[in-house]
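# Coordinates in review
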Amino acid sequence: MIGADSRVLIVDGQPRIRRLLDTMLHVSGVKTVHAASDGNLAKDILQSRPVDVVLYDWATPVLNGVDFLGAVRALSVTKFLPFVLMSGYGQLDDEDYAAGKNLDVDGYVFKPITHEDLEDKIGDVMDLHGKMTESYVHLTRAAAFVDIDELQEARKELKSAREKGNRSPRVWNETGLVFEDMKRDREAKLCYEKSIQLDKSYARPYNGLGDIMAKEGRADLAHEYYRKAADASPRSSERQYALAKSLLEQGDEDGARIAVQRAVRGIHHEGDSSASQAEESAAAAEFFLSAGRADIAEAEYAFALKGDPRNVHYFNQLGMAFRRQKKYSEALANYKKALQVSPNDTVIFFNMALAFIGMRNYPAAGAALQKALMININFKEAENLLKKVQQEIKKQGANGNGHTNGH
């Protein structure tokens, strides 16, 4: 049974469904029901009103169910909030369920929802959460003690959390995360191993073990754990990105590309339009650029521009990929194309200046920065860089070096 004092948040894009669920809950005796039509409105409610359980439709606009669940789990104040996903019968596949499990979803209800289904599911979730509340409180306290460097008190709280939730893979994994924050990787490793022992299909502890192995320089073992995490939750971007990074370190570029492709698609099922393909390529490029593989990022940004040829951000990022490879001429040619799309974009002129500086062509760099400042006199970064460029020009003149590299 659902407690009369329970405060339930319903999130569904269909007004008819929200009204139906609201009626069912009130019939069950629930006095406080909040309703939202999309993820942003749901966030506002969570930030402003007390909520005991969330009932969220998988296909809700703005943020789908798993995206919103991820946002809830990322905040300390809502990390352990009971969360139930709604969907139609047969609409979810094994990878969808894995995505929910990866984020510790508490349960599912399936449409068309009967009053008995709703009452039983939310009642079961609240009952289970009640049994685990003490463990969650101890985990929250432990994390707070770590924040103020009271590690002995944190250890006491973690011990209590494990005692109260000894059969919970989630409790063991969360304990491992706190031990990692305490720089106690040996204890964290034991907790992750216990979590896996309790549930071999739980992705999060595999990822935790991979991180520890990576810190220890045991790349082969780290790679194996990252692969297991990605296999357990194939639509988790976090798991796929970790695997991709490991694959790059292993020298498997093709495997890394596949993992990144899975990561950028995540749990979304976008269409095959050129716009969505461009976004996916750009997201992949961002990963490769951050991973130090500007050469792969270059190819991905070029592909993104084919699908979205007027996206100035893609031009600027492609230029960065060129510059990191010291391919300054290619960067400049790219920026000139960008100016055809956006002739008054100050960032393009600023980036052109950086490319000229890479070529040690300081007069051309200064001219580009002056153009940026003519467009926006308050562009402080350009102003500061121009002063440095002018100093280099004076230095060259003092040394009698009037020659600069070509454009």
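Let us now look at the confidence of the model for the protein chain. Taken as a whole, the protein chain shows an average pLDDT of 93; of its residues, 96% reach a score of 70 or greater. Low pLDDT, under 50, characterises residues 267-274; the stretch is placed with 13 contacts to residues that sit more than four places away or in other chains.

Our next topic: the sheet that holds strand S4 (residues 83-88). If you walk across this open sheet you meet the 5 strands as S2-S1-S3-S4-S5, and the pairing is parallel. Strand pairing shows two members of the sheet lacking a second neighbour, strand S2 (32-36) and strand S5 (107-111), which therefore form its edges. Ignoring strand direction, the axes of neighbouring strands in this sheet form an average angle of 20°. Inspection of the sheet shows strand S1 (residues 7-11) paired to strand S3 (residues 53-57) by 4 bridges, in the parallel sense. Bridging from a neighbouring strand, Ile10 pairs with Leu55 of S3.

Counted according to the given criterion, the structure contains 28 salt bridges. Here Glu216 makes a salt bridge to Arg218, at a shortest N to O gap of 3.2 Å. Judged by its relative accessible area of 43%, Glu216 is partly exposed. Judged by its relative accessible area of 38%, Arg218 falls in the partly exposed class.

Turning next to helix H14 (residues 294-307). Here H14 contains 14 residues, and its C-alpha end-to-end distance of 20 Å stays within 8% of the 20 Å for a straight helix at 1.5 Å per residue. Taken together, the buried positions of H14 are occupied by Ala294, Ile296, Ala297, Glu298, Glu300, Tyr301, Ala304 and Leu305.

This paragraph deals with the side chain of Asn334. Mapped onto the secondary structure, Asn334 falls in helix H16 (residues 328-341). Of the polar contacts made by the side chain of Asn334, one reaches the backbone oxygen of Phe315; its length is 2.7 Å. Ignoring anything within four residues of it in the chain, the contact list for Asn334 reads Leu305, Phe315, Leu318, Gly319 and Phe322.

This part covers the nonpolar core. Counting 82 residues, the largest nonpolar core has Phe288, Met352 and Leu369 as the members making the most contacts within it. Not counting residues within four places of it along the chain, the set of residues in contact with Met352 comprises Leu332, Tyr335, Lys336, Leu339 and Ala368. Residues Ile45, Val51, Phe68 and Val72 belong to the second largest nonpolar core, which totals 22 residues.

Taking burial as the measure, the 5 residues of S3 include 5 buried ones, the bulk of the element. Across the two faces of S3 the burial is the same, with Val53, Leu55 and Asp57 and Val54 and Tyr56 all buried. Of the pairings in the sheet, the one linking S3 to S4 comprises 4 bridges and is parallel in character. Across the sheet, the residue bridging to Leu55 is Val84, located in S4. Once you follow S3 into helix H3 (residues 65-74) and on to S4, the crossover reads as right-handed.

Here we come to the packing of helix H18 (residues 362-375) against helix H19 (residues 380-398). For any two helices packed against each other, one specifies the crossing angle of their axes together with the interaxial distance. Two numbers describe how H18 lies on H19: the axes approach to 9 Å, and their chain directions differ by 155°. The angle between the axes of H18 and H19 places the two elements in the roughly antiparallel class. Between H18 and H19 lies a crossing of left-handed hand. In contact with Tyr362, Pro363, Ala365, Gly366, Leu369, Gln370, Ala372 and Leu373 of H18, H19 contributes Ala382, Glu383, Leu385, Leu386, Val389, Gln390, Glu392, Ile393 and Gln396.

Conventions used here
Residues numbered from 1 in each chain as written. Predicted model: local features only at pLDDT ≥ 70, side-chain atom pairs only at ≥ 80, totals over all residues. Heavy atoms only, no water. pLDDT = per-residue confidence, 0-100. Contact = heavy atoms within 4.5 Å. Pairing = 2+ DSSP bridges. Helix = DSSP H or I, 4+ residues; strand = E, 2+ residues; numbered from the N terminus. Axes fitted to C-alpha atoms, helices over the stretch in contact; angles between N-to-C directions. Salt bridge = Lys/Arg side-chain N within 4 Å of Asp/Glu carboxyl O. Buried < 20%, exposed > 50% of the residue type's maximum accessible area, 1.4 Å probe, protein only. Expected span 1.5 Å × (residues − 1). Polar contact = N/O pair within 3.5 Å; in protein donor to acceptor, adjacent residues only side chain to side chain. Core = buried A, V, L, I, M, F, W, Y, C linked by side-chain atoms within 4.5 Å. Right-handed = clockwise from strand over helix to strand, strands pointing away. Parallel < 35°, antiparallel > 145°, perpendicular 65-115°, else oblique. Left-handed = near helix turned anticlockwise from the far one by under 90°.

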